Amino acid sequence: MQIGRHRIDPPVILAPMAGVTDKPFRQLCKRLGAGLAVSEMTTSDPRFWSTRKSRHRMDHAGEPDPIGVQIAGTVPAVMADAARYNVDHGAQIIDINMGCPAKKVCNAWAGSALMQDEALVGRILDAVVAAVDVPVTLKIRTGWDADHRNAPAIARIAERAGVAALAVHGRTRDQHYAGNAEYDTIAAIKADLSIPVIANGDIDSPHKAAEVLRRTGADAVMVGRAAQGRPWIFREIAHYLATGERLPPPSLAEVRDVLLGHLRALHAFYGEPAGVRIARKHLGWYAKDRSENTAFRTVVNRAESAEAQIGLTRDYFDALIAGEAPLPAAA
């Protein structure tokens, strides 16, 4: 798939997720096969660009190309300024968020709430596309609710504005992440557009990725929650799409090494104690499919230092690799 001058290969993309797709996670997913990893949502409001959180979100030093940055807001001129600012700070693709269902975002009329005002959508897209000389992409949902599935209309507005690619989550805003994603709307959008379309929603396996591509005709798939604690899903999907064969699951030793590398990257990026605190959710995701998860989280969540967190994690996986009982909850 091509987005401007950037070839996205493999056509498997890490979805932007607030509090998840920071630089350490994006770098890890790219290393494990993602063709593109888009940053977590950044505000278009310049009053917050100098905060610690925004500085971390806008840090792309050492990140592999292409660097995709997602911005959110409601005022066309402000969004245009935010796009220029992020391009000046390394962004090579600007993604506009019109898909976030979070109440605090929608209450400010940003995210998926914008889909209720098609005229405003057009003004925002026109302003941002005109403001920067890098490709602009857009992420939307199928609509605000079941009675207002206007994604096809938004898609046509986006194409007319010069948007380079469109990602569609197969749910309405009021569904949040409940129920099953529906792909008929994505298929209709793809049939109607000449720009690349990316299918998102419930893609949690290589087989599901192939099925969604077949059902929608989309140019790529976007993986979100299924990558949490399982970043190797990108290489699994890419391999299956290329060969029709499934890769074996990673060994416990590889899972241990990937996780320890991820923890070290989080500690280096955020420092202590923030890196230790942020790492806890990732530790829970990595262990969520194991029966010993409760004991593991009870022990590891007590760690207050990077050294202790690394040590406890290594000991846990080393015990599993050796066939020994993992750390008890009372340890």
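Our structure's up above, just so we're on the same page.
It should be emphasised that the depicted structure is a prediction, and the values quoted were computed from it without experimental measurement.

A. Spatial organisation of the pattern of salt bridges. Per the counting criterion, the structure on display carries 14 salt bridges. Between aspartate 192 and arginine 156 there is a salt bridge, with its nearest N and O atoms 3.0 Å apart. Of this pair, aspartate 192 sits in helix H7 (residues 184–192) while arginine 156 sits in helix H6 (residues 151–161), and the two are 36 residues apart along the sequence. Classification of aspartate 192 as partly exposed rests on a relative accessible area of 40%. Each of the salt bridges in this network shares a partner with another, and the network as a whole consists of Arg26, Lys30 and Glu63.

B. Molecular detail of the side chain of threonine 137. On the secondary structure map, threonine 137 appears in strand E8 (residues 136–143). Threonine 137 sits in the buried class, given a relative accessible area of 7%. A polar side-chain atom of threonine 137 sits 2.7 Å from a polar atom in the side chain of aspartate 95. Not counting residues within four places of it along the chain, the set of residues in contact with threonine 137 comprises Ile3, Ile93, Ile94, Asp95, Ile96, Val163 and Ala165.

C. Representation of the packing of aromatic side chains within the structure. Taken as a whole and judged by the stated rule, the model has three aromatic pairs. Pairing tryptophan 232 with tyrosine 286 gives two aromatic rings, centres 6.2 Å apart and planes at 50°, and the pair type is tilted. You can see tryptophan 232 sitting in the loop between strand E11 (220–223) and helix H9 (233–243) and its partner tyrosine 286 sitting in helix H11 (residues 274–287), a full 54 residues away along the chain. The burial state of tryptophan 232 is the same as that of tyrosine 286; both residues are buried. An angle of 80° between the planes, with centres 4.9 Å apart, marks the rings of phenylalanine 269 and tyrosine 270 as edge-to-face. Classification of tyrosine 270 by relative accessible area gives buried; the value is 12%.

D. Up close: the packing of helix H10 (residues 252–270) against H11. Between H10 and H11, the least distance of the axes is 8 Å, while the angle of their chain directions is 155°. By the angle between their directions, the pair H10 and H11 is classed as roughly antiparallel. As H10 runs across H11, the sense of the crossing is right-handed. Of the residues in H11, those in contact with Val255, Val258, Leu259, His262, Leu263, Leu266, His267 and Tyr270 of H10 are Ala274, Gly275, Val276, Ile278, Ala279, His282, Leu283 and Tyr286. Looking at the contact of H10 with H11 residue by residue, the class counts come to 12 nonpolar, four polar and no charged.

E. Quick peek at the sheet that holds strand E5 (residues 42–43). Ordered by their spatial adjacency, nine strands build an open sheet running E4-E3-E11-E10-E9-E8-E7-E6-E5, and the pairing between neighbours is parallel. Only two strands of the sheet have a single partner each, and these edge strands are strand E4 (36–37) and E5. With six bridges connecting them, E8 and strand E9 (residues 165–172) associate as parallel partners. Paired with threonine 137 across the bridge in E9 is alanine 165.

F. Examining unusual backbone geometry more closely. Between aspartate 9 and the following residue, proline 10, the backbone shows a cis peptide bond with an omega angle of 5°. Looking at the secondary structure, you find proline 10 in the loop between strand E2 (6–7) and strand E3 (12–14). Following aspartate 65, the chain continues to proline 66 via a peptide bond in cis, the omega torsion being -10°. In this fold, proline 66 is placed in the loop between helix H2 (52–57) and strand E6 (68–72).

G. Looking closely at the pairing of E6. Taking burial as the measure, the five residues of E6 include five buried ones, the bulk of the element. Of the strand pairs in this sheet, E5 and E6 are connected by two bridges, and their pairing is parallel. Across the sheet, threonine 43 pairs through a bridge with alanine 72, a residue of E6. Bridge analysis of E6 against strand E7 (residues 93–98) gives four bridges, and the strand direction is parallel. From the neighbouring strand, isoleucine 71 faces E7, where its bridge partner is isoleucine 96. In this fold, E6 hands off to helix H3 (residues 76–88), which returns the chain to E7; that crossover is right-handed.

H. Spotlight on the nonpolar core. Core analysis: the largest hydrophobic core is formed by 63 residues, its most contacted members being Ile96, Leu125 and Leu138. Setting aside its immediate chain neighbours within four residues, leucine 125 contacts Ile96, Met98, Leu138, Ile157, Ala158, Ala161 and Val163. Of all hydrophobic cores here, the second largest spans 23 residues; its members include Leu28, Leu32, Leu260 and Leu320.

Basis of the calculations
Residues numbered from 1 in each chain as written. Predicted model: local features only at pLDDT ≥ 70, side-chain atom pairs only at ≥ 80, totals over all residues. Heavy atoms only, no water. Salt bridge = Lys/Arg side-chain N within 4 Å of Asp/Glu carboxyl O. Helix = DSSP H or I, 4+ residues; strand = E, 2+ residues; numbered from the N terminus. Buried < 20%, exposed > 50% of the residue type's maximum accessible area, 1.4 Å probe, protein only. Polar contact = N/O pair within 3.5 Å; in protein donor to acceptor, adjacent residues only side chain to side chain. Contact = heavy atoms within 4.5 Å. Phe/Tyr/Trp six-rings, centres within 6.5 Å; stacked < 30°, edge-to-face > 60°. Axes fitted to C-alpha atoms, helices over the stretch in contact; angles between N-to-C directions. Parallel < 35°, antiparallel > 145°, perpendicular 65-115°, else oblique. Left-handed = near helix turned anticlockwise from the far one by under 90°. Nonpolar A, V, L, I, M, F, W, Y, C, P; charged D, E, K, R; others polar. Pairing = 2+ DSSP bridges. Right-handed = clockwise from strand over helix to strand, strands pointing away. Core = buried A, V, L, I, M, F, W, Y, C linked by side-chain atoms within 4.5 Å.

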